[in-house]
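These are the residues of each chain, in order.
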Amino acid sequence: MTEIRLHNTLSGQTEPFVPLVKSEVRCYTCGPTVYDFAHIGNFRTFVFQDVLRRFLKSRGFRVIQVMNLTDVDDRIIQKAAAVGASIREYTDKYIQAFLDDRRALNLEPPEILARATEHIDDMVKLIQQLTEKGFTYTSEGSTYFRISKFPAYGKLSKIDVAGMQTGARVDMDRYDKDNARDFALWKAPKPGEDFWETPIGPGRPGWHIECSAMAMKYLGDTLDIHSGGVDLTFPHHENEIAQSEAATGKTFSRYWLHAEHLLVDHEKMSKSVGNFATLRELFTSGHKPSSVRFLLASVPYRRQLNFTPESLLGAASSVERLRTFAARIEFGKVQAGTSPEMASRAAKARDDFDCGLADDLNTAQALAAIFDLVRDVNISMDRGEFRQGDAAPVLAVLESFDAIFAVLRDDDAEKLRALGIAQGSAGPDDADIEALVAERQAARKRRDFPASDRIRDLLAQSGILLEDFRDGGVRWKRK
């Protein structure tokens, strides 16, 4: 197999991927801050992380993925107070929505989903460890990390810390400074805020300490991969490195992978700008979960993705083309036999697909291999050259494709109903539909076309569309 190569933000190079343990990958992926519904820009990163874990699993690795849920920070505290709710009450709604949205996009669940508020003791112990080693100081009840004590600060984001102001500090969880500042590990409570009583005093954790504590609790001092959106490189990931490596003296993560922004009309999608959309807004307006997933996965993660209505429609067309092709291969009527040329063509497509993903998850290259195969097989079938024995190797390629992209199953209507978005009744179940399709096929065979048309119309009234193939096969799908 082709060597897996990943672009490491830490080195700025695309490097061979070699985990610490030969058959295992320990991966930490930054999850959402649950103060609102996640938007599709967030899900661009989450889909990339899902493609990464699926590809590693396809190569035989055991993946241990930890994802955090940041359920305490400045914004959460402010919004919860505004509606008179506790932090837990406020965030539960958005955590559940996030999990439901993940299922709609076929994102595999991480092995460990860690809520920050359930790991306060781990954060306090890490802060105590840093204090014992001289990396912290206190001021007005808060504890800060002194970055001047960590000479390697800036190695991930490549920021210049030479002109930093000694002792300057920032109390906000997030900041967009070009220069470095000492950051809060533990924040003294303000009047009316929720807080925890701990050995280091009352308060609550800063944003950055949360991820370090949870990552090392479950994955050890050194991770194989840490990933997130490119906007987390500084300050969040830079601060994670500083506090983690200061505490342990070991490399925190060997590979850092960052997904580029999703753009709307060439501008970064952001809640602060107001140009964002949630998944549910897209679904309510008629777009399918499979279309959204395909679009978010189709552009390689280190390239910016310009999100437009046209690109989403194009993704829907691509998914439909793939589903129609899979149905034609599985249910189309062709002559018996095999052709060595087709087996060879399928093997090449499978190799090219894998090579594309091995090249820093180049999903565009991987998809090109699949669509080239679709074109060639369709030509072969149209010419009457495709044989029954050729179906198995082609379907095996599609299975490998769908193990990563997860869009071939026609279950969009089911997913929308689970979110409470689909209108009207669920319609007939699959068994009833199959029975009617078989009855229609029998009517067509005996040339009873009025009966065949009545069944088609009956199915159409229930939202079931039929697609007849030239070789006599048929495929049905829900609107």
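Up top is the structure.
Cut-offs used in this document
Residues numbered from 1 in each chain as written. Predicted model: local features only at pLDDT ≥ 70, side-chain atom pairs only at ≥ 80, totals over all residues. Heavy atoms only, no water. Helix = DSSP H or I, 4+ residues; strand = E, 2+ residues; numbered from the N terminus. Expected span 1.5 Å × (residues − 1). Contact = heavy atoms within 4.5 Å. Pairing = 2+ DSSP bridges. Disulfide = S-S within 2.5 Å. Buried < 20%, exposed > 50% of the residue type's maximum accessible area, 1.4 Å probe, protein only. Axes fitted to C-alpha atoms, helices over the stretch in contact; angles between N-to-C directions. Salt bridge = Lys/Arg side-chain N within 4 Å of Asp/Glu carboxyl O.

Colleague: Quick question: what am I supposed to make of helix α11 (residues 363-382) here?
Modeller: Spacing of three or four residues puts side chains on the same side of an α-helix, whose turn is 3.6 residues. The end-to-end C-alpha separation of α11 is 29 Å, in line with the 28 Å expected for 20 residues at 1.5 Å each. Elements that come into contact with the buried residues of α11 comprise α1 (40-58), α8 (289-298), α9 (309-331), α10 (340-358) and α12 (391-405). Looking one or two residues beyond α11, the residue adopting positive phi is G384, at roughly 75 degrees.

Colleague: It is not clear to me how the sheet that holds strand β13 (residues 262-264) should be interpreted in this structure. Could you clarify?
Modeller: Taken in spatial order, the 3 strands make up an open sheet running β14-β13-β15, and their pairing is mixed. In this open sheet, the two edge strands, each paired with only one partner strand, are β14 (267-268) and β15 (305-307). By the bridge criterion, 2 bridges tie β13 to β14 in an arrangement that is antiparallel. Looking at β14, one finds that L263 is bridged to K268.

Colleague: Sorry, what's going on with the state of the cysteines here?
Modeller: Each disulfide consists of a covalent bond between the sulfur atoms of two cysteine residues. Taken as a whole, this structure holds 0 disulfides when the rule is applied. Here C30 is not cross-linked by a disulfide; its sulfur's nearest cysteine counterpart is in C211, at 4.3 Å. For C211, a relative accessible area of 0% puts it in the buried group.

Colleague: Teacher, can you tell me more about the sheet that holds strand β12 (residues 253-259) here?
Modeller: Strands in a sheet are paired, the pairing made by backbone hydrogen bonds, and the direction either parallel or antiparallel. One open sheet accounts for 5 strands, arranged β5-β4-β3-β11-β12; its pairing is parallel. Among the strands making up the open sheet, the edge pair consists of β5 (112-115) and β12. Taken pair by pair, the neighbouring strands of this sheet meet at an average axis angle of 20 degrees, ignoring direction. Relative to the sheet, α1 contacts β3 (24-29), β4 (62-69), β11 (223-229) and β12, its axis offset from that of β11 by approximately 150 degrees. Relative to the sheet, helix α5 (residues 207-219) contacts β3, β4, β5 and β11, its axis offset from that of β3 by approximately 160 degrees.

Colleague: Mind showing me how you'd approach the pattern of salt bridges here?
Modeller: Between side chains of opposite charge, a pair can form as their charged atoms come close. According to the stated counting rule, one finds 37 salt bridges in the structure shown. Residue D50 pairs with R54 through a salt bridge whose shortest N-O separation is 2.7 Å. Here D50 pairs with R54, and both are found in helix α1, just 4 residues apart, close to one helical turn. Given the relative accessible area of 3%, D50 is considered buried. By sharing partners, the salt bridges in this structure join D50, R53, R54, K57, E108, E111 and R293 into a single network.

Colleague: Looking at this model, I keep getting lost on helix α6 (residues 233-248). Mind explaining?
Modeller: The end-to-end C-alpha distance of α6, which contains 16 residues, comes to 21 Å, matching closely the 22 Å that a straight helix rising 1.5 Å per residue would cover. Looking one or two residues beyond α6, the residue adopting positive phi is G249, at roughly 75 degrees.

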